[in-house]
Amino acid sequence: MPIEFVGSATATATANAGTSIDLTALTGGIGSAAAAGDIVLLLRTATGTMSSLDLSVSGYERVTDLAPAVLFDDTVNHEVFWKLMPGTPDTSITLPLASSSVEQSAIAMVFRGVDPTTPFDATRVTASSTTTATPNPAQITTVTNNAVVVVMASSNSEDAVVTSPSGYSTAIVASIGDSQSYACYKAIPSAGAENPAAFTNVANPSGQDIYGCTTLALRPAAGAGGNIKVWNGSAWVARPVKVWNGTNWVTKPAKRWTGTAWVTTNY
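Residues numbered from 1 in each chain as written. Predicted model: local features only at pLDDT ≥ 70, side-chain atom pairs only at ≥ 80, totals over all residues. Heavy atoms only, no water.

Undergrad: How do you make sense of the sheet that holds strand β12 (residues 179-188) when you look at a structure like this?
TA: Neighbouring strands of a sheet are bound in pairs by backbone hydrogen bonds; such pairs are parallel or else antiparallel. With antiparallel pairing, 5 strands are arranged side by side in an open sheet as β8-β14-β10-β12-β11. Of all strands in the sheet, those bounded by a partner on one side alone are β8 (125-129) and β11 (172-176). The sheet shows a mean angle of 10° between the axes of neighbouring strands, direction not considered. When β11 meets β12, the two strands line up antiparallel, connected through 5 bridges. Within β12, the residue paired with A174 across the bridge is S181. (Pairing = 2+ DSSP bridges. Helix = DSSP H or I, 4+ residues; strand = E, 2+ residues; numbered from the N terminus. Axes fitted to C-alpha atoms, helices over the stretch in contact; angles between N-to-C directions.)

Undergrad: What should I look at first to understand the sheet that holds strand β4 (residues 61-66) in this one?
TA: Spatial ordering of the open sheet is given by β1-β7-β3-β5-β4, a layout of 5 strands whose pairing is antiparallel. Edge positions in the sheet fall to β1 (4-13) and β4, since each of these pairs with one other strand and no more. Neighbour-to-neighbour, the strand axes of the sheet open up by a mean angle of 15°, direction not taken into account. Inspection of the sheet shows strand β3 (residues 39-47) paired to strand β5 (residues 76-84) by 9 bridges, in the antiparallel sense. Bridge pairing links L42 to F81 in β5.

If you want it as structure tokens, here you go:
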């Protein structure tokens, strides 16, 4: 079955404060809450000098830890975490105090239909810069058809509205001061190299310009199903179905009527 985007939630916190993300108030996808077996990706951004330990989140595994910096006070902390939801899924993510002097922003993205044993289809790749605040994601190479590439970026651009790389979902943004978190995703029907373009409509701030960015690939759960077949010029091949939800094109499993019930297609 194709991977489905359940939805996202964001949070921000002022200096000297923690916050939390509500996983029962998701928007932009097929549902409002994380369920057992879903994969949650968490991006956390903070500007200013601090230890990465200050950004640890209980129960989540950290896969990215970047802190591109120019000067003592010109640092963008970019960290990405993930967690497979247990039988009783989390209802929120607690984000502890980042520092007494820095603001923080965060985005949680929830996906369904990801392989629980090998959730990542390829090793995550990162990119960063201390000369521009416009994130330019690194190329990743998927190995499984219908993998979903996710881009998560941190910047000190001070832009609350940005444009995703071409072909990707509308940018999810968490914004407070110069702590900016951006995220988007795209289903990749055929495995291979995927090189997302840079975000656009990002204005560099006055002073130092910095970003950190992670490109991830999620692997569909084993067991084909929920696709349709299309003619590629030489053969019929399985492809995911997308429908417009009023905001984005989202992947949905195709179903057929057996005479007694609707069941997902077996390819």
